[in-house]
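Architecture at a glance
Chain by chain, the residues run as shown.
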Amino acid sequence: MSFKLPDLPYAHDALEPHIDARTMEIHHGKHHAGYTKKLNSAIEGTDMEGKSIEEILKNLDMSNKAVRNNGGGYFNHSLFWNVMSPDGGSASGELSGAIDDAFGSMDGFKDKLKSAGGGQFGSGWAWLCVHPGGKLEICSSANQDNPLMPGIGCGGYPILGVDVWEHAYYLHYQNKRPDYLAAFTEVINWNHVSELYAKHK
Ligand code: MN3
């Protein structure tokens with residue numbers, strides 16, 4: 001059994017004007033498709049074949065660059081599409097309470113996420129993670145690493161991720177990563193992030 005590129009849960013242009021259709025087409029159809037294909041090649045014939053992506057990443061030998069890069073890329077983008085929506089609702093009561101506890105307010109959360117994404121030098125991701133017991137934490141990581149992997153980020157379970165590779169924003173925002181990050185916070189799928197919080201707290 002091999003990993004499959006998940007369908008986008010909405011049309012390519014659904015997130016406009018915040019995220020443009022052409023970026024979505026290339027990002028999903030080329031970049032995510034490429035990670036998926038290379039992940040399948042990298043695990044073929046190994047004992048990772050048939051395991052879930054979470055299981056693979058949690059037990060990863062970090063010197064295995066093919067699985068680190070492409071398994072990370074597969075998981076990260078699969079999460080990313082689902083934490084955005086043109087109609088994402090609002091955070092559940094319990095998630096909203098946890099955000100207030102950790103960041104003071106929803107605005108405090110957005111500011112901290114934007115500074116984590118803006119402060120990640122070069123390519124990478126910013127994450128909202130939940131620790132056992134429900135405490136939230138924001139962290140960032142380089143390349144396609146994520147906090148499920150040994151020794152990466154804050155070590156919690158990522159329930160929201162924002163891609164800060166240039167391929168995620170350069171067509172529309174060029175070098176203005178902060179503008180892209182601000183736009184991202186306008187299309188967060190809070191319904192889905194709330195579900196992930198409830199599942200992984
Ligand atoms: Mn990407």
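For the structure itself, consult the block above.
Residues numbered from 1 in each chain as written. Predicted model: local features only at pLDDT ≥ 70, side-chain atom pairs only at ≥ 80, totals over all residues. Heavy atoms only, no water.

**Here we look at the pairing of strand β3 (residues 157–163)**
Most of β3 sits out of view: 7 of its 7 residues are buried. With 6 bridges connecting them, strand β1 (residues 124–130) and β3 associate as antiparallel partners. Counted as the bridge partner of Trp125 is Asp163 from β3. (Buried < 20%, exposed > 50% of the residue type's maximum accessible area, 1.4 Å probe, protein only. Helix = DSSP H or I, 4+ residues; strand = E, 2+ residues; numbered from the N terminus. Pairing = 2+ DSSP bridges.)

**Details of helix α5 (residues 106–119)**
In this model α5 runs 20 Å from its N-terminal to its C-terminal C-alpha over 14 residues, within 8% of the 20 Å that 1.5 Å per residue would give. Among the residues of α5, those classed as buried are Phe109, Lys110, Leu113, Ala116 and Gly117. Looking straight down α5, one finds its buried side chains confined to an arc of 130°; they lie on one side. Exposed residues lying more than 90 degrees from the buried face of α5 are Asp107 and Gly119. Where α5 is buried, its residues touch α4 (93–103), β1, β2 (136–142), β3, α7 (177–184) and α8 (190–200). Where α5 begins, one side-chain oxygen reaches toward the backbone nitrogen of Asp107, 3.4 Å away; that side chain belongs to Ser105. (Expected span 1.5 Å × (residues − 1). Arc of directions from axis to C-beta. Contact = heavy atoms within 4.5 Å. Polar contact = N/O pair within 3.5 Å; in protein donor to acceptor, adjacent residues only side chain to side chain.)

**Some thoughts on the side chain of Thr36**
You can see Thr36 is positioned in helix α1 (residues 21–43). Using a relative accessible area of 4% as the deciding quantity, one classes Thr36 as buried. Each residue touching Thr36, except ones within four places of it in the same chain, is listed here: Phe3, Lys4, Leu5 and Tyr74.

**With respect to the coordination of the manganese ion**
Coordination of the manganese ion by the protein comes from His27 (NE2), His77 (NE2), Asp163 (OD) and His167 (NE2), over a distance range of 1.9 to 2.1 Å. Taken in sequence order, the residues that donate to the manganese ion follow the motif H-x49-H-x85-D-x3-H. Owing to a relative accessible area of 0%, Asp163 belongs among the buried residues under this scheme. (Donors = N, O, S within 2.8 Å, 3.2 Å for Na, K, Ca; no water.)

**Structural notes on the state of the cysteines**
Under the counting rule described, the total for this entry stands at 0 disulfides. Cysteine Cys129 shares no disulfide, and the gap to the nearest cysteine sulfur, in Cys154, comes to 3.6 Å. Of the cysteine sulfurs around Cys154, a residue in no disulfide, the closest is that of Cys139, at 3.4 Å. (Disulfide = S-S within 2.5 Å.)

**Section: the sheet that holds β2**
Pairing between the strands of a sheet comes from backbone hydrogen bonds, and it takes one of two forms, parallel or antiparallel. Taken in spatial order, the 3 strands make up an open sheet running β2-β1-β3, and their pairing is antiparallel. Sheet topology places β2 and β3 at the edges, where each strand pairs with a single neighbour. Averaged over all neighbouring strand pairs, the angle between strand axes comes to 25°, with direction disregarded. Where β1 meets β2, 7 bridges bridge the pair, whose relative direction is antiparallel. Pairing of Gly124 across the sheet is with Ala142, part of β2. (Axes fitted to C-alpha atoms, helices over the stretch in contact; angles between N-to-C directions.)

**Re the packing of α4 against α8**
Any two packed helices are characterised by the angle at which their axes cross and by the distance between the axes. Where α4 meets α8, the axes come as close as 9 Å, and the angle between the chain directions of the two elements is 85°. One finds that α4 runs roughly perpendicular with respect to α8. Contacts between α4 and α8 involve Glu94, Leu95, Ala98 and Ile99 from the first element and Trp190, Val193, Ser194, Tyr197 and Ala198 from the second. Here the residues of the contact of α4 with α8 are counted per class, giving 7 nonpolar, 1 polar and 1 charged. (Parallel < 35°, antiparallel > 145°, perpendicular 65-115°, else oblique. Nonpolar A, V, L, I, M, F, W, Y, C, P; charged D, E, K, R; others polar.)

**Some remarks on unusual backbone geometry**
Residue Glu16 is joined to Pro17 through a cis peptide bond whose omega torsion reads 5°. On the secondary structure map, Pro17 appears in the segment before α1. Its identity as a non-glycine residue notwithstanding, Asn143 has a phi of 55°, on the positive side. Along the chain, Asn143 falls in the loop between β2 and β3. Phi at Gln174 takes a positive value of approximately 50°, unusual for a residue other than glycine. For Gln174, the location among the structural elements is in the loop between α6 (170–173) and α7.

Geometric values such as these leave the question of function open.
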